[in-house]
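Tertiary structure, described
Here's the letter readout for the chains.
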Amino acid sequence: MSISTLRRSARETVSGLPPGFWWLWLSTLVNRTGAFVLTFLSLYLTLELGHSAWFAGLVVALHGLGGVAGSPLGGVLTDRWGRRPTMVTMHLAGAACAAALALVTSAWGIAAVVLLMGVAMQAVRPPINATIADMVPAHDVRRAYALNYWALNLGFAIASLGGGAAAFLGYRTLFLVDAVATVLCAVIVFLRLPETRPAPRSGPQTPTESAAEEKVSTLTVLRDAPFRTLVLLNLLVCLVFTAPWIGLPLTMADQGLSASSYGAVIAVNGVVIVGFQLLVNKFTDKRSPVLLLVLSSLLFGLGTGATALAGSSVAFAATVVVWTVGEMIHVPTNAAATARLAPEHARGRYQGVMGMSWAVAGFVAPILAGAIVDGPGPDVLWAATAAIGVLAAAGYATRLRKALAEDEDVVAAPVPVPGPVPSPAPAPVVVKGGDAEDSPART
């Protein structure tokens, strides 16, 4: 593939989206570029404050537990209060928590702050995803989610380079920088992003339509059978995706490989996403969402399962490449499928419930992975992830084919962009970003 072909593909990937999306994209990039807390929290707790590795793991798990509550909370606020005020409020709450970590020194004080940070950081995801579904034409939604995910990973990659700065500035300074970046993100959203929550439906409505629009709760969302199936299958995929972040370093250490070797291997994940997400978008564009979800589940199962056969850093890196491609396909496709199944007036709640599946996996998978490695051994862990990946693929193929295929008939028609549109973001910002990562495990 020639350079000119790659450039043309990149231009096609970023073209045709509304200006408001690019302000949201920019706010995501700014936020993740300064996201130092989770990246260095365990090092701060063990090396700086002298806590045990057990306590550091508990604190990180509390962040995931906070996300379990934060995601549905953010979904409810998104639909009741609005997309923009929910984003601004939760960004500012996250910034306050990051700043508090630079000041709080007691063990349980830190644990409480991290728990609240988990609530705030996960609560901001439903309004972001709902805003994208509101403002982007339906046939471009998956591409928009992929681009926003790319911004997450690009920002994460930049933030990861802050490890060297920690030696000179100190962890507390990095946490303050995180707070400032999150405040700047909130300012961008407040000043440049329009409110996109659909207005109440005008005109006469039947009593059934009116009741359906007003009385939507989390339980109502969970009664939606196709969406409930999508959430449960996504939970399986999330368990597989989260397992390597705990099991891989333990497996490599069990084979005598150093921590630096693991650092180089896991860095492949971010490099592949930043370097190839736009190209993957080109190949997946217009493909059946069921086909993509089946393919991504199989790639997750194959990549993680093959970890049991790896015996060198190069082989471990190759397994990371396989499941990273699955990640690049799955995350935007799943988000777009959620947006397609959600009614306009309940997009926040639907995204909140879906986000809860990521948060539950982020809390449960590390505990299960560690217990399996310490008990039956790493090979059992990787055999289990391979089996779960295949099970999820079979579920997508058999349980969701009809629901998502029927919905594809509606996707061809563009959806008008609601609300006032801000002045366009300068094109060079977008193009330069394209020349330059969140996965749930990094959120």
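Residues numbered from 1 in each chain as written. Predicted model: local features only at pLDDT ≥ 70, side-chain atom pairs only at ≥ 80, totals over all residues. Heavy atoms only, no water.

Some thoughts on the overall build of the protein
Looking only at helices and strands, the protein has 20 helices and zero strands in total. Within the protein, the fraction of its 443 residues that count as buried is 51%. Taken as a whole, the protein presents about 18500 Å² of accessible surface, with 69% of it coming from carbon and sulfur. (Helix = DSSP H or I, 4+ residues; strand = E, 2+ residues; numbered from the N terminus. Buried < 20%, exposed > 50% of the residue type's maximum accessible area, 1.4 Å probe, protein only. Areas by Shrake-Rupley, 256 points an atom, 1.4 Å probe, with all protein chains shown as cover.)

Focus: helix 6 (residues 107–123)
A rise of 1.5 Å per residue sets the reference length of helix 6, with its 17 residues, at 24 Å; its end C-alpha atoms lie 25 Å apart and thus fit the reference within 8%. Along helix 6, the residues classified as buried are Ile 110, Ala 111, Val 113, Val 114, Met 117, Gly 118, Ala 120, Gln 122 and Ala 123. Those residues of helix 6 that are buried are in contact with helix 3 (37–48), helix 4 (53–80), helix 5 (83–101), helix 7 (125–135) and helix 17 (347–374). (Expected span 1.5 Å × (residues − 1). Contact = heavy atoms within 4.5 Å.)

Regarding empty space enclosed by the protein
Approximately 80 Å³ is the volume attributed to the largest cavity. Looking at the lining of the largest cavity, the elements that each hand over two or more residues are helix 8 (141–160), helix 14 (259–284) and helix 16 (313–341). A breakdown of the residues in the lining of the largest cavity according to their chemical character gives five nonpolar, four polar and three charged. (1 Å grid on protein atoms, 1.4 Å probe; cavity = no way out; pocket = protein on both sides within 12 Å on 5 of 7 lines; lining within 4 Å. Points joined across faces, edges and corners; volume = space filled by probe spheres on them. Nonpolar A, V, L, I, M, F, W, Y, C, P; charged D, E, K, R; others polar.)

Examining the nonpolar core
Across soluble globular proteins, nonpolar side chains show a tendency to be buried alongside one another. Phe 227, Leu 230, Leu 248, Val 265, Trp 323, Tyr 396 and Leu 404 are the most contacted members of the largest nonpolar core, which totals 49 residues. Of all the secondary-structure elements, those providing two or more residues to this core are helix 8, helix 13 (225–254), helix 14, helix 15 (289–305), helix 16, helix 17 and helix 18 (378–399). In terms of residue count, helix 13 provides more of this core than any other element does, 11 residues in total. Sequence-distant contacts of Phe 227, that is, excluding residues within four places in its chain, are made with Val 221, Thr 338, Leu 341, Tyr 350, Val 353 and Met 354. (Core = buried A, V, L, I, M, F, W, Y, C linked by side-chain atoms within 4.5 Å.)

Digging into the side chain of Thr 242
Turning to its location among the elements, Thr 242 is positioned in helix 13. The residues contacting Thr 242, other than those within four sequence positions of it, are Ala 361, Gly 362, Ala 365 and Pro 366.

Looking at the packing of aromatic side chains
Applying the stated criterion across every chain, the model contains 12 aromatic pairs. On the numbers, 5.7 Å between centres and 65° between planes, the contact of Trp 22 with Trp 25 is edge-to-face. Pair noted here: Trp 22 and Trp 25 are both in helix 2 (residues 19–33), with a separation of three residues, about one helical turn. Neither residue differs from the other here; Trp 22 and Trp 25 are each classed as buried. Consider the rings of Phe 241 and Trp 323, whose centres lie 5.9 Å apart with planes at 75°: the pair is edge-to-face. (Phe/Tyr/Trp six-rings, centres within 6.5 Å; stacked < 30°, edge-to-face > 60°.)

Let's talk about the pattern of salt bridges
Tallied over the full model, the rule gives six salt bridges. For Glu 48, the salt bridge identified is with Arg 172, shortest N-O distance 3.6 Å. Placement of the pair is Glu 48 in helix 3 and Arg 172 in helix 10 (residues 171–192), with a sequence separation of 124 residues. Look at Glu 48 and you get partly exposed, because its relative accessible area is 42%. When its relative accessible area of 28% is taken as the criterion, Arg 172 is described as partly exposed. Among the charged side chains, a salt-bridge network with shared partners connects Asp 79, Arg 83, Asp 134, Arg 347 and Arg 349. (Salt bridge = Lys/Arg side-chain N within 4 Å of Asp/Glu carboxyl O.)

What to know about the environment of Arg 349
Among the secondary structure elements, Arg 349 is positioned in helix 17. For the pair Arg 349 and Leu 219, spaced 130 residues apart in sequence, the C-alpha to C-alpha distance is 10.0 Å. Setting aside its immediate chain neighbours within four residues, Arg 349 contacts Gly 75, Val 76, Asp 79, Arg 80, Val 216, Ser 217 and Val 221.

Description of the side chain of Thr 319
The residue Thr 319 is located in helix 16 in this model. Judged by its relative accessible area of 7%, Thr 319 falls in the buried class. Sequence-distant contacts of Thr 319, that is, excluding residues within four places in its chain, are made with Gly 303, Ala 306 and Thr 307.

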